[in-house]
Amino acid sequence: MKVDICINFNDLVPPPRMGMVMGEKPPYYQQLLYLVKSIKLNWDKNIHDYSIYVHHSRELAEEKKLELESIGCKVIFNPSETQAYFNRENILSYETGGDYTLILDTDILVLSTPS
């Protein structure tokens, strides 16, 4: 079974006092790196193979795009998306090769392979 892990992301700084975090949230790009690294560390590809797709609609610095690609992400730019924060349902309009699509936000960590 192959899972396409899709992450909606824009390289913005979270507004202060947003969500349940006291103080400053890490920038979304840093959250994205934490998430991807947790997948790489904790997901067993022998149980469920996966590919990681990062969807964004705002410009992303070339060095950040290259860094994401170097750690195995496929970076997809959608300039027609008009929201400041990429709408996750738009991810489903992209064809990928997996059997299933798992959509994640940047502010989580993957602790183990789903069963």
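Refer to the structure presented above.
Since we're looking at a predicted model, the values are computed, not measured.

### Structural notes on the nonpolar core
Core analysis: the largest hydrophobic core is formed by 21 residues, its most contacted members being Ile5, Ile7, Ile39, Ile52 and Leu68. Looking at this core, the element that brings in the most residues is helix H1 (residues 28-42), giving 7 residues. Not counting residues within four places of it along the chain, the set of residues in contact with Ile39 comprises Ile5, Tyr50, Ile52, Leu104 and Val110.

### Digging into the side chain of Ser51
With respect to the helices and strands, Ser51 occurs in strand E2 (residues 49-56). Only 2.8 Å separates the side chain of Ser51 from the side chain of Lys2, close enough to count as a polar contact. The contacts of Ser51, once residues within four sequence positions are left out, are Lys2, Val3, Asp4, Ile5 and Lys74.

### Remarks on the environment of Ser57
Structurally, the position occupied by Ser57 is in the loop between E2 and helix H2 (62-70). According to the relative accessible area criterion, Ser57 is buried, its value standing at 5%. Taking the C-alpha atoms as reference points, Ser57 and Phe9, separated by 48 residues in sequence, lie 7.9 Å from one another.

### Side note on the side chain of Asp4
Mapped onto the elements of the fold, Asp4 is located in strand E1 (residues 2-8). Leave out the neighbours within four places in its chain, and Asp4 touches Ser51, Tyr53, Thr96, Gly97, Gly98, Tyr100, Thr101 and Leu102.

### A few points about the packing of H1 against H2
Axis angle and axis distance: for two packed helices, these are the angle between their axes and the distance between the axes, and together they describe the pair. Between H1 and H2, the shortest axis-to-axis distance is 11 Å and the interhelical angle comes to 10°. Looking at the two axes, H1 sits roughly parallel to H2. Side by side, H1 and H2 meet where Tyr29, Leu32 and Leu33 of the first sit next to Lys64, Glu67 and Leu68 of the second. Its residues assigned to classes, the contact of H1 with H2 comprises 4 nonpolar, no polar and 2 charged.

### Some remarks on a nonpolar patch on the surface
A cluster of nonpolar residues, Tyr34, Leu109 and Leu111, forms a patch on the protein surface that exposes about 360 Å² of accessible area. Within the secondary structure, Tyr34 sits in helix H1.

### Concerning the pattern of salt bridges
Tallied over the full model, the rule gives 4 salt bridges. The shortest N-O distance in the salt bridge between Asp11 and Lys64 comes to 2.7 Å. With Asp11 in the loop between E1 and H1 and Lys64 in helix H2, this pair connects stretches of sequence that are 53 residues apart. The class for Lys64 is partly exposed, based on a relative accessible area of 24%. Residues Glu69 and Lys65 are paired through a salt bridge, measuring 3.5 Å at the closest nitrogen-oxygen approach. Of the two residues, Glu69 and Lys65 both sit in helix H2, 4 residues apart, roughly one turn of that helix. Relative accessible area serves as the criterion here: at 35%, Glu69 is assigned to the partly exposed category.

What counts and what doesn't
- Residues numbered from 1 in each chain as written.
- Predicted model: local features only at pLDDT ≥ 70, side-chain atom pairs only at ≥ 80, totals over all residues.
- Heavy atoms only, no water.
- Core = buried A, V, L, I, M, F, W, Y, C linked by side-chain atoms within 4.5 Å.
- Buried < 20%, exposed > 50% of the residue type's maximum accessible area, 1.4 Å probe, protein only.
- Helix = DSSP H or I, 4+ residues; strand = E, 2+ residues; numbered from the N terminus.
- Contact = heavy atoms within 4.5 Å.
- Polar contact = N/O pair within 3.5 Å; in protein donor to acceptor, adjacent residues only side chain to side chain.
- Axes fitted to C-alpha atoms, helices over the stretch in contact; angles between N-to-C directions.
- Parallel < 35°, antiparallel > 145°, perpendicular 65-115°, else oblique.
- Nonpolar A, V, L, I, M, F, W, Y, C, P; charged D, E, K, R; others polar.
- Patch = residues over 30% accessible without salt bridge, like charges linked within 9 Å, V, L, I, M, F, W, Y side chains within 5 Å.
- Areas by Shrake-Rupley, 256 points an atom, 1.4 Å probe, with all protein chains shown as cover.
- Salt bridge = Lys/Arg side-chain N within 4 Å of Asp/Glu carboxyl O.

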